[in-house]
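# Structural description and commentary
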Amino acid sequence: MALKRSRSVSFSEFCETYKKVSSCNSQSDIETDDEIGDGRGPGRNVRRKSVLSPRMLTLPEPGDFSDSNSAANSVTSVNSLASLLKEKIQTLPQRMRKKKSNDYKIKVFVVFLFITIVALICCAYFLYNQKILAKAYFERVKFNKNKRIMTIHNRDGVELVSARLGTTMNYDKVLPCLPQDERRDGSICLEWMDRARLYLHVYNMQESVKCYNLKWIALNDHISPTDCIEMAPGVHWYGGGQNQESAWPLEKGAHDFRPFITGNVERHEWGNVLKRYFISSKGVAIIVDEKTPLYVSITDDPKKAICLRAKYDNFAFVNRFTLGPELNYSVCTGNNMSDLHSQLSEHTLWDGLKKEDSDVIESLLTEPIWEITTDHKEAFTEEMISNFTNDVIGLPNIKQGHVLLNEFWQNQVGDFELDLNRFPSLEETIEVLSRRGFRVVFTIQPFISTESPNFAEAVERRLLVLERSTGRTVPALTSFKNFQSVGVLDITNNRTIPWLVEKLKALMGKYKFNAFYLELGTAYDMPHYYQCQKSLINPDQYKTLFINSIQNSVSLLGVSDAIERPRSPSFVSLPRFESSWEGLRRVIPTILTYGVIGYPFVIPGAVGGDFDSMETKLSELNGTVADLPDPELYIRWLQLAAFLPVVRYNRLPTSYGDKRVSDTAISLALLRQNKVKPVLKKYARVSLNLGLPIIRPLWMLDPNDSSCHTVADEFSIGEDIIVAPILYSRSREREVYLPAGVWKDGIDGSLRKGSRWIHDYRVEEGKVAYFEKMPDDTRF
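Rules behind the numbers
- Residues numbered from 1 in each chain as written.
- Predicted model: local features only at pLDDT ≥ 70, side-chain atom pairs only at ≥ 80, totals over all residues.
- Heavy atoms only, no water.
- UniProt positions renumbered as here; feature names shortened; annotations may be inferred.
- Phe/Tyr/Trp six-rings, centres within 6.5 Å; stacked < 30°, edge-to-face > 60°.
- Helix = DSSP H or I, 4+ residues; strand = E, 2+ residues; numbered from the N terminus.
- Buried < 20%, exposed > 50% of the residue type's maximum accessible area, 1.4 Å probe, protein only.
- Lys NZ or Arg CZ within 6 Å of the ring centre and 35° of its normal.
- Pairing = 2+ DSSP bridges.
- Contact = heavy atoms within 4.5 Å.
- Disulfide = S-S within 2.5 Å.
- Axes fitted to C-alpha atoms, helices over the stretch in contact; angles between N-to-C directions.
- Parallel < 35°, antiparallel > 145°, perpendicular 65-115°, else oblique.
- Left-handed = near helix turned anticlockwise from the far one by under 90°.
- Nonpolar A, V, L, I, M, F, W, Y, C, P; charged D, E, K, R; others polar.
- Core = buried A, V, L, I, M, F, W, Y, C linked by side-chain atoms within 4.5 Å.

- If you check an unreviewed UniProt entry, the protein chain appears there as Glycoside hydrolase family 31 N-terminal domain-containing protein from Dendroctonus ponderosae.
- Reading the Sequence similarities (unreviewed entry) entry of the UniProt record for the protein chain gives the comment "Belongs to the glycosyl hydrolase 31 family."

## Section: the packing of aromatic side chains
- One pass over the structure, following the stated rule, counts 22 aromatic pairs.
- With 4.7 Å between their ring centres and 50° between their planes, Tyr 238 and Trp 248 make a pair best called tilted. Here Tyr 238, found in strand S10 (residues 237–243), pairs with Trp 248, found in the loop between S10 and strand S11 (255–259); they are 10 residues apart in sequence, far enough to count as distant. The exposure classification of Tyr 238 matches that of Trp 248, with both residues buried.
- Summarising the aromatic geometry, the rings of Phe 416 and Trp 499 are spaced 6.5 Å apart at their centres and angled 80° between planes, so their arrangement reads as edge-to-face. Taken together, the residues span a long stretch of sequence, with Phe 416 in the loop between strand S18 (402–405) and helix H6 (426–435) and Trp 499 in helix H8 (residues 496–511) at a distance of 83 residues. Take Phe 416 and Trp 499: they sit in the same class, and that class is buried.
- Put simply, the rings of Trp 409, Phe 442, Phe 513 and Phe 516 touch in pairs and so form one group of aromatic residues.
- The cationic tip of Lys 275 hangs over the ring face of Tyr 277; the distance from NZ or CZ to the ring centre is 5.7 Å.

## What to know about the pairing of strand S4 (residues 159–164)
- Note that strand S3 (residues 149–153) and S4 share five bridges and pair antiparallel. The partner of Ile 149 across the bridge, within S4, is Arg 164.
- Following S3, the chain reverses through five residues before pairing antiparallel with S4; Gly 157 in that reversal takes a positive phi of roughly 85°.

## With respect to the side chain of Glu 367
- In this fold, Glu 367 is placed in the loop between helix H4 (355–366) and strand S17 (369–372).
- What makes Glu 367 buried here is its relative accessible area of 17%.
- Those residues in contact with Glu 367 that lie beyond four places of it in its chain are Lys 399, Gly 401, His 402 and Arg 439.

## Remarks on the state of the cysteines
- Inspection of the entire model under this criterion finds three disulfides.
- The disulfide that involves Cys 177 links it to Cys 189, with 1.8 Å between the sulfurs. Taking the sign of the S-S torsion, about -75° here, the bridge from Cys 177 to Cys 189 comes out left-handed. Placement of the pair is Cys 177 in the loop between strand S5 (175–176) and strand S6 (188–192) and Cys 189 in strand S6, with a sequence separation of 12 residues. This pair shows no difference in class: Cys 177 is buried, exactly as Cys 189 is.
- Cysteine pairing for the protein chain (bonded cysteines numbered in sequence order): 1-2, 3-6, 4-5.

## Some details on the sheet that holds strand S23 (residues 483–488)
- Ordered in space as S20-S23-S22, the three strands form an open sheet in which the pairing is antiparallel. The open sheet terminates on both sides in strands that have one partner only, identified here as strand S20 (447–449) and strand S22 (477–480). When the angles between neighbouring strand axes are averaged without regard to direction, this sheet yields 55°.
- Along the sheet face, helix H7 (residues 453–460) touches S20, S22 and S23 and points at about 115° away from the line of S20.

## Things to note about the packing of H8 against helix H9 (residues 541–550)
- Where H8 contacts H9, the axes come no closer than 10 Å and their chain directions differ by 55°. Here H9 runs oblique to H8, going by the angle between their axes. Our pair here, H8 against H9, has a crossing hand that is right-handed. Across the interface between the two elements, Ile 497, Leu 500 and Val 501 of H8 pack against Phe 546, Ser 549 and Ile 550 of H9.
- A breakdown of the residues in the contact of H8 with H9 according to their chemical character gives five nonpolar, one polar and no charged.

## Some points on the nonpolar core
- Core analysis: the biggest nonpolar cluster contains 162 residues, and Phe 442, Phe 516, Phe 643, Phe 715 and Ile 717 have the highest contact counts within it.
- Looking at this core element by element, the count peaks at 11 residues for helix H13 (residues 659–690).
- Every residue in contact with Phe 643, bar those within four places of it in the chain, is listed here: Leu 671, Arg 672, Val 676, Leu 680, Ile 695, Phe 715, Ile 717, Ile 721, Val 723, Val 768 and Tyr 770.
- Residues Val 174, Trp 192, Leu 274 and Leu 308 belong to the second largest nonpolar core, which totals 41 residues.

Given below as C-alpha cells:
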C-alpha cells in the first residue's frame with residue numbers, strides 16, 4: 001500500500017502553484033486524485049460546495065500542504081467559491097425582475113380592491129339615501145320628493161308605472177304644506193315655495209280598482225304644472241281619441257303640446273271625438289278632470305312618455321276658474337287592462353231608454369244610411385233625392401234604411417226652413433219614401449249664416465255668441481264648411497233653446513220626417529274670441545250642452561263631434577276619411593280608439609271614403625277618372641263596412657256599371673244579414689249594460705297575450721267574430737293573428753287554432769277574412 005507523501009513548501013512555491021491552478025479555473029472540468037498511488041484511474045469530478053469553511057478562506061502556512069492531496073483540496077475549494085459567486089451574480093437580475101413583477105401585481109390588486117370597496121360603500125350610501133328620499137306613500141306609491149319621481153306598484157311590488165312630476169318647476173326644495181292648506185280627506189300635501197302645491201290622495205273606485213289622485217295647484221302665472229307618465233318599453237297605451245297618425249298603440253305617434261280639444265286631424269293634433277282617458281297594457285288608466293285646462297303631448301325626450309299639462313291660453317282655455325292652472329287627474333290600477341277597462345266603463349247606457357229608442361238602435365245596426373250629399377247647393381234638388389232612392393230600391397237584398405239629407409235642404413244654413421224653390425213638394429216625396437220603408441233624416445247645425453233671415457232675428461234677441469271685449473254687443477263670426485260668414489247660437493242663453501226647438505218641431509211636424517242629425521263642428525269652428533253668456537270650460541263643452549239641451553225635445557239620430565257620450569239612441573260619427581288606401585287603413589284604429597274611450601255606438605264614414613284625395617282631384621281635372629273611387633278600393637271598403645255597426649253609403653254600388661262591384665255589395669249584404677247582424681244586436685245589449693264597445697281590439701279577448709296589444713288592422717265583434725280585411729292595393733294575402741281558442745275560418749270553413757299567427761293567408765278580391773269563435777272542444 002502506497003504511503004502518502006508530504007514535504008514542506010515554501011511560500012513562493014505556493015504562490016506559483018496557486019497561479020497555475022487559478023489559470024485552470026476557466027476550464028470546464030477540473031480533475032483531482034483523492035489519493036496518490038492508490039491504483040485508481042482518473043479521479044471523479046469534485047462536487048462544488050455551496051458553503052465554504054473558514055479554513056478554506058484562510059491563507060495556509062508554509063508546511064501545511066502535503067505534496068499532492070492538500071494542494072488539490074485547496075484548489076477545488078477556490079474553484080467552488082468562484083463558480084458560486086459567478087452563478088449568483090448572473091441570476092441576480094432575473095430574481096430582481098421577478099420580485100419586482102410580483103410586487104407590481106400585488107400592488108395593482110390591492111389598489112383595485114380598495115377602489116371596489118370604496119365604490120360599493122358609495123353605492124350603498126346612495127341607494128340608502130334614495131330609499132329614504134323615495135318615501136312610500138299609501139303602501140304602493142313611492143315618491144322621491146327632490147327629484148319628483150313617482151312610481152306605483154302592484155300588490156307583489158312590481159312597478160306598474162313611473163312618472164316625472166312637476167317637470168317645469170326647475171326647483172327641488174320641497175316643504176310640507178301650511179296647516180291652513182292641508183285637507184281633511186287624508187291627502188298628503190307638499191309645496192314648492194311660491195311655485196306649486198301638490199295633493200296626493202288614494203281611493204277605491206271599485207273592489208279591484210285602486211286610484212291615486214294627483215292635483216297640482218300653480219301658485220303663480222308662470223308655472224304650468226306638467227307631469228310625464230313614462231311609456232316604458234313593451235308597455236302599450238291607448239285612448240284619448242283619433243290622432244294625426246291614427247296611431248295604435250299611442251306610443252307610435254309623436255305630438256307637441258297642443259290643447260286637448262276636438263279638431264280635424266288633417267290640420268290639428270286630435271280628432272272629432274275625445275275623452276280624457278288613457279289606458280296601458282299593464283292595467284293602468286289615467287283619467288283627467290274635465291275642468292283641467294289640458295294640454296297633451298307624446299314625446300321621446302328624454303324617454304317616451306305621455307305628458308299632461310295645465311295651461312291657460314287665449315282660445316281653448318281662455319276662461320279662468322282658478323287663480324292659477326290646476327292639473328287634476330287620477331291614476332287607476334287593476335288586475336289587468338281588460339278587467340280595469342270593464343270596471344271603469346259606464347254601466348248605465350240603458351238608463352232612460354225607451355222602446356222607440358231601442359228600435360232606432362236596432363234599425364241603425366241592421367239598415368244602411370244613404371247619405372245624399374253634394375258640394376254644390378244648386379245640384380241638390382227634390383229630383384236628385386227621388387232618383388237616388390229609386391236606385392237604392394233597385395238593389396236586391398239591401399234594405400232601404402235611412403236617407404240622410406245634408407244642410408242644403410235649406411237655402412242658407414240656419415234657416416231651419418225648407419228651400420221651396422228646389423223642394424216644391426218635398427212633403428209628398430217624404431211620404432212616398434216612408435211608404436217604401438225609408439226613414440228620412442235632416443242635418444242641422446248650430447250655425448246661422450249672415451245671409452239667413454234668422455241671423456237678424458237672432459242678433460236682435462241676442463241669441464248668438466258674442467265677440468269678447470266688445471261690451472257684449474257684437475256677434476262673433478266664424479266660417480263653417482263652405483259658409484264663410486256664420487254666427488253661432490249661444491246655447492248658454494236661456495232664450496236660445498226654446499227659440500230653436502220651436503223651429504225644429506214646426507219643421508218636423510210639417511214634413512213628417514223621422515229625426516235630425518246634429519253636425520256640431522270641431523272646437524276650432526268656434527269664433528276665436530268667443531264669449532258665451534255663461535263661461536265655458538273650453539269650446540268643446542258647447543257640444544255637450546247643445547246635445548243635452550235639445551235631445552229630450554227632438555229625435556237625434558247621431559252627432560258629428562263629442563267629448564261626452566250622447567244619450568242613447570244617438571250614435572257618434574267617425575271623422576271623414578279621404579277616398580284612398582291610406583284613408584281605408586285609418587278606419588280600424590279610429591273605431592277601436594272610439595270604443596276604448598267609451599263610444600260603442602258609432603257611424604263609420606262612407607263606403608269608398610267621404611272626399612277625394614288630392615291625387616284623385618288632380619286626375620279629375622285632367623279628365624282621366626270619374627268621380628268615383630278605384631273599384632278595388634270600393635270593394636275592399638265594402639268588405640270592411642259589412643262588419644261595422646253601421647253601413648254608410650254616399651256612392652251607390654251601381655254607380656260603377658260594373659257587375660263585379662254590384663254582386664259584391666249584394667253578397668256582403670247577405671253575409672251581414674245572416675252572420676253579422678245577430679252578433680251586432682247581441683253585443684249592443686252588452687254595451688247598454690256594461691258600456692263595453694261592440695267593435696273591440698284583440699286585447700279585450702286576451703289581455704295577457706302581448707301579440708294582441710299591437711294588432712292595428714284586425715278587430716273583433718264582441719268576442720264572437722274576428723275580422724281581418726285587406727287594406728292594401730292589389731294585395732291577395734295578409735298576416736292574421738288569432739287569440740286563444742278555436743276559430744272557424746269564414747272562407748273555407750276550416751278550424752284554426754288560436755294564440756298564433758297565420759302567415760301569407762290567402763284572400764281573393766271577392767273574399768274577406770273573418771273567423772267565428774267556436775267552443776274550445778270543437779273538433780270535426
